[in-house]
Amino acid sequence: MASDDETACQIMSKVKINEEDEDSGDNSSSENSSETSEDSVEIEVPFKVGMWDLKQCDPKRCTGRKLMRLEMIDKLGMSAMFNGIVLTPVATESVSAMDNQIIAKYGVAVVDCSWARLNDTPFHKLQHRKAKKNLRLLPYLVAANPVNYGHPSKLSCVEALAAAMYIAGFKEIGDLYMSKFNWGPTFIRLNQELLDGYANCKDGKEIVVFQNQYLDQLDNDYNHESSSTESSSESSEDDVESRNNCKKSIA
């Protein structure tokens, strides 16, 4: 059986859907506010967007709770029927353009739980376990939310949903959801190359290839750096480990 440290490493690259991270709570980015962006443009969302709220996160920071207040997401019960794409850490396959029709017909949902409590989260009790073929992870992306700004894969609920929409061919709807947060457009800008690349892949296998090529290039760039300070080097080494784990998480 894997040790706790090995288990943590294995899930580092998976969909990050919580809003709390005690180690990142002091981020001083100028985009800490979760107020609505002035660039918000209303368009019709033609499919269902859902969330299992396990009440493990700080409600003041939870992007999913804000989407509920804006009536842009439906709260799902533990036994709720949902046949759409489900973003969850227990998945092994990446979301891709192949999921376009499933999302168009049945929607997309996210499991909102705390990163620190993944091992205690009762994923087995959620109805979506009955439809494992629709469980999805996200490929490598960088968070822009105030709690985990700049950290690989540590996405908030809205970032996870918007990324899935973008990759599956619903770019405008993904932009709409991110526009509800003043830091939201930054998520798209930080990940523009990745999101466009993933969206151009025909399926999850191509996404894995694109992701790994991108991560290999990042590793090469890191290995050629010679002027980094000791503290920044330690941070970069953590990111390298996260990137390496990301390559192993989806197939």
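Predicted model, so just to flag it, every value in this text is computed and none were measured.

Chemist: Please explain unusual backbone geometry as it appears in this structure.
Modeler: Generally, phi is negative for residues other than glycine and the peptide bonds are trans, each holding for most cases. Within the chain, Glu 71 stands out as a residue other than glycine whose phi angle is a positive 60°. In the Ramachandran plot, Ser 153 falls in the positive-phi region, its phi being about 70° despite a non-glycine side chain. With respect to the helices and strands, the residue Ser 153 is situated in the loop between β5 (135-136) and α4 (157-167). Residue class for Ser 153 comes out buried when judged on its relative accessible area of 4%.

Chemist: How should the nonpolar core be read in this particular structure?
Modeler: Across soluble globular proteins, nonpolar side chains have a tendency to be buried as a group. One finds Val 108, Leu 161 and Met 165 to be the most contacted residues of the largest nonpolar core, which totals 45 residues. Among the secondary structure elements, those contributing two or more residues to this core are β1 (49-53), β3 (85-87), β4 (108-112), α4, α5 (171-178), α6 (184-190), α7 (192-199) and α8 (204-223). By residue number, the principal contributor to this core is α4, which donates ten residues. If sequence neighbours within four positions are ignored, Val 108 has contacts with Phe 47, Lys 48, Val 49, Gly 50, Phe 82, Ile 85, Leu 87, Ile 103, Leu 161, Ala 164 and Met 165.

Chemist: Looking at this structure, how should I read α7?
Modeler: Along an α-helix, residues three or four apart share an orientation, since each turn contains 3.6 residues. Residues of α7 that are buried include every one of Leu 194, Leu 195, Gly 197 and Tyr 198, and no others. Taken end-on, α7 shows its buried residues confined to a sector of 165°, consistent with a single buried face. Where α7 is buried, its residues touch α4, α6 and α8.

Chemist: Help me out: how do you make sense of the pairing of β4 in this one?
Modeler: Burial analysis of β4 places five of its five residues in the buried class, which makes it a mostly covered element. The alternating pattern of β4 places Val 108, Val 110 and Asp 112 on one face and Ala 109 and Val 111 on the opposite face, and all of these are buried. Sheet topology note: the β1/β4 ladder contains five bridges and is parallel. Its bridge partner lying in β4, Trp 52 is registered against Val 111. Pairing of β3 with β4, which is carried by three bridges, proceeds in the parallel orientation.

Rules used throughout
- Residues numbered from 1 in each chain as written.
- Predicted model: local features only at pLDDT ≥ 70, side-chain atom pairs only at ≥ 80, totals over all residues.
- Heavy atoms only, no water.
- Helix = DSSP H or I, 4+ residues; strand = E, 2+ residues; numbered from the N terminus.
- Buried < 20%, exposed > 50% of the residue type's maximum accessible area, 1.4 Å probe, protein only.
- Core = buried A, V, L, I, M, F, W, Y, C linked by side-chain atoms within 4.5 Å.
- Contact = heavy atoms within 4.5 Å.
- Arc of directions from axis to C-beta.
- Pairing = 2+ DSSP bridges.

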